[in-house]
2 protein chains.
Amino acid sequence: MTERTLGRGVAVVGAGMSKFGTFPGRATRDLFVDAFLEMRASVDLGLDPEVIEALYIGNYSSDLFEGQGHTAPIMADWVGLTPRPATRIEDACASSGVAFREGLIAVASGMYDVVLVGGIEKMSDLPTERVTDTLATAGDAIYEIPAGFTFPGFYAAMATAYMDRYGAAPKTFMRVGIKNHENGALNAKAQFGLRIADIMESKKKRAADKGRPIPEWADELAFLEDERANPTISWPMRLFDCSPISDGAAALLLVAEDIADRFTNRPLLVIGSGQASDAALHDRPDPTTIRAARIAADQAFAMAGIGRDAVDVAEVHDCFTIAEIIATEDLGFFAVGEGWKAVEDGRTARNGPRPINTSGGLKSKGHPVGASGAGQIVEIWKQLRGEAGDRQVSDAAVGLTHNVGGTGQTCVVHIFERRDQ
Amino acid sequence: MTERTLGRGVAVVGAGMSKFGTFPGRATRDLFVDAFLEMRASVDLGLDPEVIEALYIGNYSSDLFEGQGHTAPIMADWVGLTPRPATRIEDACASSGVAFREGLIAVASGMYDVVLVGGIEKMSDLPTERVTDTLATAGDAIYEIPAGFTFPGFYAAMATAYMDRYGAAPKTFMRVGIKNHENGALNAKAQFGLRIADIMESKKKRAADKGRPIPEWADELAFLEDERANPTISWPMRLFDCSPISDGAAALLLVAEDIADRFTNRPLLVIGSGQASDAALHDRPDPTTIRAARIAADQAFAMAGIGRDAVDVAEVHDCFTIAEIIATEDLGFFAVGEGWKAVEDGRTARNGPRPINTSGGLKSKGHPVGASGAGQIVEIWKQLRGEAGDRQVSDAAVGLTHNVGGTGQTCVVHIFERRDQ
């Protein structure tokens, strides 16, 4: 592995996001304006948008979701950046994580001093089966899709291989969902702001209101094991193991480190960045790991010059619950085959030693695919600045994001450090 | 306008392309392999692909054309670059011109020393009307497409406004097509390797062979004015004013200037780069110019520190014949309203004082939209190295590419100089 060094340091000095959810009648451009305005308000010393020199926008497929290609100039126009260069980046569900990396590289190159990075996706205009088909195009259209694979199927295959090899059970996956809903319930931007316990109680109440027999679920696990409450999508992945269909946008402001003090005295320095690619799942030797994530993480930690223990809080790509467990192993937080035990032991809980997905993750916060990577960075921004409210991790100074495209054909990892001035 | 300076110099040391045309049964990945292998063979001192650190791939919409998203890792895999970072760039028909700029920025940043830039598109799998619909998504899906606009319509609107204001006539546009087919007939990679005169003669011969009356066209203009030979698509744009539906790929190798001598002693230095965005056509004040092209050109010439007269050969974005005329004005080669006279006077011919589109342009070489920007750079590579064969411009030392997305919501301009060592 070649160690990477950038021409100059780059800092994040603003971050914002729209609410994630489903918003009939609102297009990506409308959601991006929400994110841009919140980002602008987050800049401590104020932001004159005139200083922004370029826009990088992560978007998976407005082509298929909205019948709109060439989205980047529209986003620039809608937030008043015309005629600045506007470039769309696509790497499936890693689109805006990679767009962030392009913004980082562009500032480091000297081409720009101030860059806006965005992520956008509007998925809910299509009926569910067409959303599933659209997402499937992030697999291999020649070798995988004709064989019948969709994304729940891909990740179910990874989950069964993982269970077989390491002894995890479907209950372990359910615990990931319970944890992430606990966190998302504390996040006003989350699509599902309810704990699993809340959902269970509301179902009981609805049954009672309608005069039906009240289900007797002993606890959240019993609720999630009830096929009627939590139907199987692709075994062992059930409904509550899958991230939802979402609309949303996020926005981040990157500047050269040496001018960060014009914007804030509390910037986040980007201390590590890594990106790797891989073959599609059918052509990889081991479905229990995402090789691109291991490589990207090694690059990012090498650039940062820190060890895994230095990370205080991490947002990882839990498009399915199994994906979070694999991610924590690929990142080196837990040994191979041990990630599921960490969940069982509560080690990845918000108040545990290794907090994962304090935002609620893709599972509870929502997964507007092209916006998810940028959304992860918004959470790290809040955590490292102590602005995460009831879900704040105490004394968080170093944060990490892990954003996967497809079944792992792309992974991008970033590490951030708070640098109060 | 801020003047841009890069962290370090960047050189092009290899270039190749597939044949452009329509290739049933071949996917973009197959065409990209063709381009990669020709690029590899073009590296004077040989290329070990192991030294390539990242891939930037320009592609407009494999999503809609082929039902394949997340294309960049597939392209990396198909040419043996896995697990290198692989990133897709989309800015409509400017996708690979912008991908080239991202490669330039990435090398300048210090993140990579050696980067592969590609452009790909496979358009011919769809029926023509669906190709037209797919291209239309590069307009505005809320404000323009529901009004009935397709791309021949957009550029026809620009052409009628231009004729009205400056006195050009449809014959002028036809002369652009005649010139570009003259050039393309000398390019073995061109989709249409025939001069208009050749096409006219073959139609006469076919009529004679079938015992039908032989059409009496006095010359090529008379042929092009015959509605049966050259039907109107959207007045004044006729069939021979429109670039074709094409499949194709191109590949370029970029390296840090200080290591270029490991690859060749005849590199092209990238001396200028500019990119700008704009609103969609319905929201722009003047349809006779592409504002983003003027801004991108000013940026590129300012970075290069040269005047317009220093450019020996240029490839400009002639998706329609009117677009070439507007491009030569936007680039500052001719005064506003004078570009059409330059065509009439033969000034843009291969042996004229201002050679434009020696490759045949998008009109004759073909327009696989996501590959066209990279394909333009392949022509400049050949011209500046004296490898353009019968279409060689003598003593060409400085070349320019001008690549437009949509109706001008994106434009990217690059300037290259031969630096023999």
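Residues numbered from 1 in each chain as written. Chains lettered and ligands numbered in written order. Predicted model: local features only at pLDDT ≥ 70, side-chain atom pairs only at ≥ 80, totals over all residues. Heavy atoms only, no water.

Undergrad: Requested: an account of the pattern of salt bridges, with residues and values cited.
TA: In this structure the tally under the stated criterion is 62 salt bridges over all chains. The residue Asp226(A) makes a salt bridge to Arg228(A) at a minimum N-O spacing of 3.4 Å. Classification of Asp226(A) as buried rests on a relative accessible area of 13%. The class of Arg228(A) is exposed, set by a relative accessible area of 75%. Between Arg385(B) and Asp44(B) there is a salt bridge whose closest N-O contact spans 2.9 Å. Taken together, the positions of Arg385(B) in the loop between helix 14 (369-384) and strand 10 (398-405) and Asp44(B) in the loop between helix 1 (28-42) and strand 2 (54-59) put the pair 341 residues apart, joining distant regions of the chain. A single salt-bridge network, built from bridges that share partners, covers Asp44(A), Arg266(A), Arg385(A) and Glu387(A). (Salt bridge = Lys/Arg side-chain N within 4 Å of Asp/Glu carboxyl O. Buried < 20%, exposed > 50% of the residue type's maximum accessible area, 1.4 Å probe, protein only. Helix = DSSP H or I, 4+ residues; strand = E, 2+ residues; numbered from the N terminus.)

Undergrad: Please give an account of the packing of aromatic side chains that cites residues and values.
TA: Enumeration over the complete set of coordinates arrives at 18 aromatic pairs over all chains. Judged by centre distance (4.7 Å) and plane angle (80°), the rings of Trp217(A) and Phe223(A) are edge-to-face. Note on Phe223(A): relative accessible area 0%, which makes it buried. One aromatic cluster is present, built from ring pairs that chain together Phe149(A), Phe151(A), Phe154(A), Tyr155(A) and Phe320(A). Directly above the aromatic system of Trp78(A) lies the positively charged group of Arg29(A), at a separation of 4.7 Å from the ring centroid. In this structure, Arg354(B) is placed above the aromatic ring of Phe333(B), and the distance from its NZ or CZ to the ring centre is 3.8 Å. (Phe/Tyr/Trp six-rings, centres within 6.5 Å; stacked < 30°, edge-to-face > 60°. Lys NZ or Arg CZ within 6 Å of the ring centre and 35° of its normal.)

Undergrad: Could you give me a rundown of the packing of helix 4 (residues 95-109) of chain B against helix 14 of chain B, with the residues and numbers involved?
TA: All names here are of chain B. Interhelical geometry of helix 4 versus helix 14 gives an angle of 60° and a closest axis separation of 5 Å. Taken together, helix 4 and helix 14 sit at an angle that is classed as oblique. In this structure, helix 4 contributes Ser 95, Ser 96, Gly 97 and Phe 100 to the contact, and helix 14 contributes Gly 370, Ala 371, Ser 372, Gly 373, Ala 374 and Ile 377. A per-class count over the contact of helix 4 with helix 14 returns 4 nonpolar, 6 polar and no charged. (Axes fitted to C-alpha atoms, helices over the stretch in contact; angles between N-to-C directions. Parallel < 35°, antiparallel > 145°, perpendicular 65-115°, else oblique. Contact = heavy atoms within 4.5 Å. Nonpolar A, V, L, I, M, F, W, Y, C, P; charged D, E, K, R; others polar.)

Undergrad: I'd love a proper account of the packing of helix 1 of chain B against helix 3 (residues 71-78) of chain B, names of residues and values included.
TA: Residue and element names in this part refer to chain B. Between helix 1 and helix 3, whose axes approach to 9 Å, the crossing angle comes to 50°. Of the possible angle classes, the one that applies to helix 1 and helix 3 is oblique. The handedness of the crossing between helix 1 and helix 3 comes out as right-handed. Across from Thr 28, Arg 29, Asp 30, Phe 32 and Val 33 in helix 1, the residues of helix 3 making contact are Ile 74, Met 75 and Trp 78. Residues that form the contact of helix 1 with helix 3 fall into these classes: 5 nonpolar, 1 polar and 2 charged. (Left-handed = near helix turned anticlockwise from the far one by under 90°.)

Undergrad: Lay out the nonpolar core in plain terms, naming residues and giving numbers.
TA: One finds Tyr155(A) and Tyr155(B) to be the most contacted residues of the largest nonpolar core, which totals 257 residues. Excluding anything up to four places from it in sequence, Tyr155(A) contacts Met237(A), Ile290(A), Cys319(A), Phe320(A), Ile322(A), Ala323(A), Val404(A), Gly406(A) and Thr407(A). (Core = buried A, V, L, I, M, F, W, Y, C linked by side-chain atoms within 4.5 Å.)

Undergrad: Quick one: what's the story with the relation of the copies chain B and chain A, residue by residue and with numbers?
TA: Superposing chain B onto chain A requires a rotation of 180° together with a translation of 0.0 Å along the rotation axis, leaving an RMSD of 0.0 Å. Both copies are brought into coincidence by an operation consistent with a two-fold rotation axis. Closest to the rotation axis within chain B is the C-alpha of Ser109(B), separated from it by 1.7 Å. Most of the interface of chain B is mirrored in chain A: 100% of its interface residues are interface residues there too. (Least-squares fit on C-alpha atoms with pLDDT ≥ 70 in both.)

Undergrad: Can you explain a positive patch on the surface? Please cite residues and give values.
TA: All names here are of chain A. A contiguous patch of positive charge, built from Lys 203, Arg 206, Lys 210 and Arg 212, is present on the exposed surface. Residue placement: Lys 210 occurs in the loop between helix 8 (196-209) and helix 9 (220-225). The class of Lys 210 is exposed, set by a relative accessible area of 52%. (Patch = residues over 30% accessible without salt bridge, like charges linked within 9 Å, V, L, I, M, F, W, Y side chains within 5 Å. Areas by Shrake-Rupley, 256 points an atom, 1.4 Å probe, with all protein chains shown as cover. Lys, Arg positive; Asp, Glu negative; His and termini not counted. Charge placed at Lys NZ, Arg CZ, Asp CG, Glu CD.)

Undergrad: Kindly report on unusual backbone geometry, identifying the contributing residues and their values.
TA: Cis geometry is adopted by the peptide bond preceding Pro83(A), which originates at Thr82(A) and carries an omega value of 10°. Cis peptide bonds are those with omega within 30 degrees of zero, and the linkage from Trp235(B) to Pro236(B) qualifies with 5°. Phi is positive for Asp395(A), close to 55°, though the residue is something other than glycine. Secondary-structure assignment places Asp395(A) in the loop between helix 14 (372-384) and strand 10 (398-405). Of note in the backbone geometry, His70(B) takes a positive phi value of approximately 50° without being a glycine. The topology assignment puts His70(B) in the loop between helix 2 (62-66) and helix 3.

Undergrad: Hey, could you go over the interface of chain B and chain A for me, with residue numbers and the actual values?
TA: Each partner contributes to the interface: chain B provides 67 residues, whereas chain A provides 67 residues. Buried surface at the junction of chain B and chain A, summed over both partners, amounts to about 4,700 Å²; 50% is from carbon and sulfur atoms. Summed over the shared surface of chain B and chain A, the number is 4 salt bridges. Two residues, Arg29(A) and Asp140(B), come together in a salt bridge whose shortest N-O distance is 3.1 Å. Where chain B touches chain A, the interface holds 30 residue pairs in polar contact (both at pLDDT 80 or more). Looking at the side of chain B that touches chain A, the elements with two or more residues in it are helix 2, helix 3, strand 3 (86-90), helix 4, strand 8 (268-277) and helix 10 (291-304) of chain B. Class assignment for the residues of the side of chain B that touches chain A results in 30 nonpolar, 22 polar and 15 charged. Across 3 bridges, the pairing between strand 3 (residues 86-90) of chain A and strand 3 of chain B is antiparallel. Bridging across to strand 3 of chain B, Arg88(A) finds its partner in Glu90(B). (Buried area = accessible area lost by both parts, 1.4 Å probe. Polar contact = N/O pair within 3.5 Å; in protein donor to acceptor, adjacent residues only side chain to side chain. Pairing = 2+ DSSP bridges.)

Undergrad: Outline empty space enclosed by the protein, listing residues and values.
TA: Residue and element names in this part refer to chain A. Counting across every chain of the model gives 4 cavities of 30 Å³ or more. Empty space within the largest cavity amounts to approximately 40 Å³. What lines the largest cavity is Tyr 155, Ile 290, His 317, Ala 323, Ile 326, Ala 327, Asp 330, His 402 and Val 404. If you list the elements that add at least two residues to the lining of the largest cavity, you get helix 11 (321-330) and strand 10. It is helix 11 that provides the largest number of residues to the lining of the largest cavity, a total of 4 residues. A breakdown of the residues in the lining of the largest cavity according to their chemical character gives 6 nonpolar, 2 polar and 1 charged. (1 Å grid on protein atoms, 1.4 Å probe; cavity = no way out; pocket = protein on both sides within 12 Å on 5 of 7 lines; lining within 4 Å. Points joined across faces, edges and corners; volume = space filled by probe spheres on them.)

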